[in-house]
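Chain by chain, the residues run as shown.
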Amino acid sequence: MPTPLTPISQSLCFGGRVGMYAHISEACSCEMRFAVFVPPQAADHPVPVLYFLSGLTCTEENFTVKAGAQRYAAEQGLMLVVPDTSPRGETVPDDPNAWDFGKGAGFYVNATEAPWSEHYRMYDYVTAELPALIAANFSVRGDRAGIFGHSMGGHGALVCGLRNPEQYRSISAFAPIAAPTQCAWGQKAFAGYLGSDATTWNAYDATELVKIHANPSRTILIDQGMADPFLEKGQLLPDVFEAACQQAGQPLILRRQAGYDHGYFFIATFVGDHIRHHAEALL
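What comes next concerns the included structure.

What about helix 3 (residues 122–137)?
It helps to recall that an α-helix has 3.6 residues per turn; residues three or four apart then point in one direction.
Moving on, step 1. When the local axis directions of helix 3 are compared, the greatest deviation, roughly 35°, occurs at Glu 129, which is followed within four positions by the proline Pro 131.
Moving on, step 2. Taken as a whole, helix 3 has its buried residues at Met 122, Tyr 123, Tyr 125, Val 126, Thr 127, Glu 129, Leu 130, Pro 131, Leu 133 and Ile 134.
Moving on, step 3. On its buried side, helix 3 packs onto strand 2 (16–25), strand 3 (30–38), strand 4 (47–53), strand 5 (79–83), strand 6 (140–150) and helix 4 (152–163).

With respect to the environment of Asp 223
Moving on, step 1. Structurally, Asp 223 can be placed in strand 8 (residues 220–225).
Moving on, step 2. For Asp 223, a relative accessible area of 0% puts it in the buried group.
Moving on, step 3. Sequence separation between Asp 223 and Ile 253 is 30 residues, and the spatial gap between their C-alpha atoms is 8.3 Å.

Describing unusual backbone geometry
Moving on, step 1. Put simply, Ala 114 and Pro 115 share a cis peptide bond, and its omega is 0°.
Moving on, step 2. For Pro 115, the location among the structural elements is in the loop between strand 5 and helix 3.
Moving on, step 3. A positive phi is found at Phe 14, a non-glycine position, where the angle reads about 50°.
Moving on, step 4. Counting through the fold element by element, Phe 14 comes out in the loop between strand 1 (6–13) and strand 2.
Moving on, step 5. Looking at Phe 14, the relative accessible area reads 44%, which means it is partly exposed.
Moving on, step 6. Of note, Thr 57 is a non-glycine position whose phi angle comes to about 75°, a positive value.

Criteria and cut-off values
Residues numbered from 1 in each chain as written. Predicted model: local features only at pLDDT ≥ 70, side-chain atom pairs only at ≥ 80, totals over all residues. Heavy atoms only, no water. Bend = angle between axes of the 7 residues up to and from the residue. Helix = DSSP H or I, 4+ residues; strand = E, 2+ residues; numbered from the N terminus. Buried < 20%, exposed > 50% of the residue type's maximum accessible area, 1.4 Å probe, protein only. Contact = heavy atoms within 4.5 Å.

What follows is the structure, encoded as C-alpha cells:
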C-alpha cells in the first residue's frame, strides 16, 4: 500500500493547483518529496498524467517554479508530477566533493554498489512507487501516462520510457544525456552506482536501449540548444542517439535550437511544444 502523503504547500495556478508533498519512500528508504500540478479538468474526471524528471543538482521545485509549464498543462488537461532527483536526508550517503554524484544526482538508476544501493533506487521510485502513490491520491487515468525530462532527467525519461512502453505512451526530453556510457558524467555515475562491469550499464543507456526497444508507433521529441556548453563538452551526445534511432527504426524529432543554452529559459521557451506532443498521445 502507498504510504500517506504529507502536504507541504498548496497554491492556485491557472484554474488548477500546485501542491508540494512529502512521504516515506520504501524504494529509497527515506523521505521523498514531489510536486504536482492538478489541472482544473481533474475536478470533473480523471486526467492523464505527465511525469517530469529534473537534472543534476535540481529538486522538485526547479521545473515547477521556473518552466511555466502549468499554463500549457491546464490548457490540455494534463496532470504534472515532478519528483526530486535523488534520495535526501542525514542517513543517505553522499559525496560532498562532487556536484554530479550523490545527492541531487541519482541518475534514475537502481544502485547495486555499497553504500549507494540502500537508498539510490530512483528507477524503481519513478516507475513503480511514485505512480502507485499518484494513482492512490489523485484523479488520474491509469492508462494514460507520459514522461519527459531535462539533462540527467532527460536521460531518465528516455530510459524509463523505452524500458516501459506499456506504461508510458509518450516520451520527450530537453538536452538529455543521451548516451551516458560514452560520456564522463554517465561513466562516473554508473561506475559508482552500478560497479565496474560496464555491461550492466547498458540497462540505463538510451542509445543502447533503443536498439532493442524501438517503437515505430511512438515518436520521441528532443530539443537541444546549440549554445549548450555541455553539448560542446561531449556530455550529451544527441547525434549518437539519433544515429541509433535511425538504425533501429525509432521515430525521432531532434530539434537543434540555435543560440539556446542548457538552462530553464531554454526549457520555458519550448515546454509548450513538449506538452502538446504528449497531449497528442495521451488525450
